[in-house]
Amino acid sequence: MTPSVDALRTTLDGRWADVRSSVREQMSRFRPVDPDLSTEEYRAKILELVRELAETGQPHTGFSPEYGGKGDVGGVVTAFQTLGYGDLSLLVKAGVQWGLFGGAVQVLGTERHHERYLRQIMDGELLGCFAMTETGHGSDVQHLRTTATYDPVAEEFVIDTPEPGARKDYIGNAARDGRMAVVFAQLVTRGETHGVHAFLVPIRDDAGAAMPGLEIGDCGHKAGLNGVDNGRLTFRSVRVPREALLNRFADVSPDGTYSSSIENEGRRFFTMLGTLVRGRISVAGGAGSASQKALTLAIRYGERRRQFADPGTGQETAILDYRAHQRKLLPALATTYALQFAQDDLVAEMHRLQAPHTDRQGAEPDETAQRDLESRAAGVKAIGTWHATRTIQTCREACGGAGYLSENLLPQLKADTDVFTTFEGDNTVLLQLLAKNLLTDYGKSVQKLSPLGLARFVGGQALDAAVEKTGVNKLPRRLPGRGFHPRDRAEQRRLLANRAEHLLAGVARRLRPALGKGADQFAIFNAAQDHLLDAARAHVDVLVFDAFVAGIERAADPSVTALLETVCDLHALATIERDRAWYLEHGRLTAAETRAVVAAVNELCGELRPHARLLVDAFGIPEGWIACPLLEDPAAESGATASVPEMVG
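Reading guide: rules and limits
Counting restarts for each chain: residues are numbered from 1 in the order of the written sequence. This being a predicted model, a pLDDT of at least 70 is required before a residue's local features are given, and a value of 80 or more before pairs of side-chain atoms are given or counted; all residues contribute to the totals for chains, interfaces and linings. Hydrogen atoms and water are omitted, and side-chain values are computed over all heavy atoms in the structure. Comment: axis = line fitted to C-alpha atoms, over the contacting stretch for helices; angle = value between 0 and 180 degrees taken between N-to-C directions. Starting at the N terminus, helices and strands are each numbered in turn, a helix being any DSSP run of H or I of at least four residues and a strand any DSSP run of E of at least two. Should an angle fall under 35 degrees it is called roughly parallel, over 145 degrees roughly antiparallel, and 65 to 115 degrees roughly perpendicular, with every other angle called oblique. Rotating anticlockwise by less than a right angle from the far helix to the near helix defines a left-handed crossing, while the corresponding clockwise rotation defines a right-handed one. When checking whether two residues touch, look at their non-hydrogen atoms; a contact exists if any pair is within 4.5 Å. Residue type decides the class: Asp, Glu, Lys and Arg count as charged, Ala, Val, Leu, Ile, Met, Phe, Trp, Tyr, Cys and Pro as nonpolar, and the leftover types, Gly among them, as polar. The rule is simple: take the accessible area with a 1.4 Å probe, protein chains only, and divide by the maximum for that residue type; under 20% is buried, over 50% is exposed, in between is partly exposed. One requirement defines pairing of two strands: DSSP has to find at least two bridges between them. Aromatic pairs are defined between Phe, Tyr and Trp rings, using the six-membered ring for Trp, whenever the two ring centres lie within 6.5 Å; interplanar angles under 30 degrees are classed as stacked, those over 60 as edge-to-face, and all others as tilted. Here, a charge over a ring means that NZ of Lys or CZ of Arg falls within 6 Å of the ring centre while also lying within 35 degrees of the ring normal.

Caption draft 1: Spatial organisation of the packing of helix 14 (residues 489–511) against helix 17 (residues 558–578). Running from amino to carboxyl end, helix 14 crosses helix 17 at an angle of 30 degrees, the nearest separation of the two axes being 10 Å. Compared by their axis directions, helix 14 and helix 17 come out roughly parallel. With respect to the hand of their crossing, helix 14 and helix 17 are arranged in left-handed fashion. Residues Arg489, Gln492, Leu495 and Leu496 of helix 14 lie in contact with helix 17, whose contacting residues are Glu565, Cys568, Asp569, Ala572, Leu573, Thr575 and Ile576. Partitioned by chemical class, the residues of the contact of helix 14 with helix 17 number six nonpolar, two polar and three charged.

Caption draft 2: Inspection of unusual backbone geometry at higher detail. One non-glycine residue with positive phi stands out, namely asparagine 173, at about 80 degrees. Relative accessible area serves as the criterion here: at 2%, asparagine 173 is assigned to the buried category. Of note, serine 237 is a non-glycine position whose phi angle comes to about 50 degrees, a positive value. Looking at the secondary structure, you find serine 237 in the loop between strand 8 (231–235) and strand 9 (238–241).

Caption draft 3: Molecular detail of the pairing of strand 9. Only one face of strand 9 is covered, namely the one carrying Val238 and Val240; the face carrying Arg239 and Pro241 has none of its residues buried. Of the pairings in the sheet, the one linking strand 3 (residues 156–160) to strand 9 comprises four bridges and is antiparallel in character. For isoleucine 159, the partnering residue across the bridge sits in strand 9 and is valine 238.

Caption draft 4: Inspection of the packing of aromatic side chains at higher detail. Enumeration over the complete set of coordinates arrives at seven aromatic pairs. Seen from their ring centres, phenylalanine 157 and phenylalanine 199 are 4.9 Å apart, and the 65 degrees between their planes marks the pair as edge-to-face. Pair noted here: phenylalanine 157 is in strand 3 and phenylalanine 199 is in strand 6 (residues 192–202), with a separation of 42 residues, a long-range link. Its relative accessible area of 0% is what places phenylalanine 157 among the buried residues. A ring pair is formed by phenylalanine 341 and phenylalanine 548, whose centres lie 5.3 Å apart and whose planes are at 20 degrees; its orientation type is stacked. Highlighted residues: phenylalanine 341 in helix 9 (residues 323–354) and phenylalanine 548 in helix 16 (residues 529–554), separated in sequence by 207 residues. Across this residue pair, the class does not change: phenylalanine 341 and phenylalanine 548 are buried. An aromatic cluster is defined as three or more aromatic residues linked by ring pairs; in this entry it consists of Tyr150, Phe157 and Phe199. Positioned above the aromatic ring of tryptophan 582, the side-chain terminus of arginine 499 is 5.4 Å from the ring centre.

Here's what the structure looks like:
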């Protein structure tokens, strides 16, 4: 039995289904921006849409109720993700205003900042920036060079850009519209540096002129997202009052005495950054929406576009009926579904930790849970944005020449999302962060083993090392007499988890010499970096798979469950197929079993072909935001379609 679109959408929309529905309805009232506008006109139009969005009250929902919000942190991130179905410049500019700028004021500031600024930020009256990245330092936030030196006589901080590499760069809202920035700088008082802290710094007056001591530059035309006014900020002894310090975790008294509830500087820094995880989760969500939009365009086109005649009937065949075309799009669609469920889990956990609750007012954050959330967010953001980049390119190719025309939306979608892999954290660095946390947890778990457990662990490590050298697996892969069943859910998870565990144990072995006295720690780490990244990716594969399975279990409609089971099979087996060389090399699968995986992927593509349109329609993308010539005339000539071999027909 095939489920209805509404039933499938209800499961996919999840906990914040009402928010998604509301944003879809709001988006239907917005008109897509004319792609032929100049950069200045485009920026002005996006600002106009930001104002309209503020008037709907939707951005207010994530802020504290005492300032007119609803405290629905998860809801506002979900709303942000849903905006990704429309213009991505609007998505990013809204994210800068209410997610990064407003979010930083809310989670790093205290009552003095909330009372003065939050309502203006929520209403879009005070437009702001998030000035973290520097020309010379992006991902390495802990070593930013901008300084904020306290002057006890004037009771002011003096913000300085000490060298060209310390210029704040690529800052959204800075070039044109922003009036204030949250500036991250090294706090210096009484001659001592206390690490990176955040400060509220006015950058323009009410007339739009740069404040004294501030040099504001324009990053100019970009490959995409040209409705966002990215700019550069240079500070020349810019003075702000002592109260400009966002002081949730640290403060400076009038005489210059520094104090913090978290004594350790490193721990304080990572606690502060951990509260800003909302931006990273939002980018992952926006990438997911972009993937969904691209797949909707490509799959609808694949059903309409016909190419080459069937020798038996003489009728031309829809290109989505070709296995090669299905192979391009349907595994990507299955993984997009999987990532949607993983995203929802992230948002729910973030909401649990960050939404205002009376029983947690004034409480310090749960560091263990916050660190786990940060790790998961890093992994899902990296894998999700890379998936978006690959999927959008695949969809462009699947639409042939039509997909290359600007009027058909895919080129702009590709250009706008390209930067997602490097903003809110470079993906490679994020996976290193995840791997570092995994290794820390791994070491702690080993230390807790009993003597017998430790002996078994050491023995297992030795056997793992032997497998690496010989390629012969140390244990039977499954119970004697039991065949290999690719579509068995437990079998799929076992393979994914085994790879993740093996890679993590292996990289731990390779890094162990770095603990020795006099070891060249950098050389040892650098030599194992590829292994480290593979371990992090494999860990995310398990997280995403588990999230998909849990999402299926929440489905109330049996027909939805049955369809999602098939989609989950395709996602899991496509992931295993991608790494089948590893499974062969490490004796986890035989050659015959890897061929069975490939065959199962083909079978699943065929099974899901009749449901492809249903699966993309369930995303609920407002029709006005996907309307384009690509989907209007099924007989339109669009050039050769590379997914169909020339010898066919």
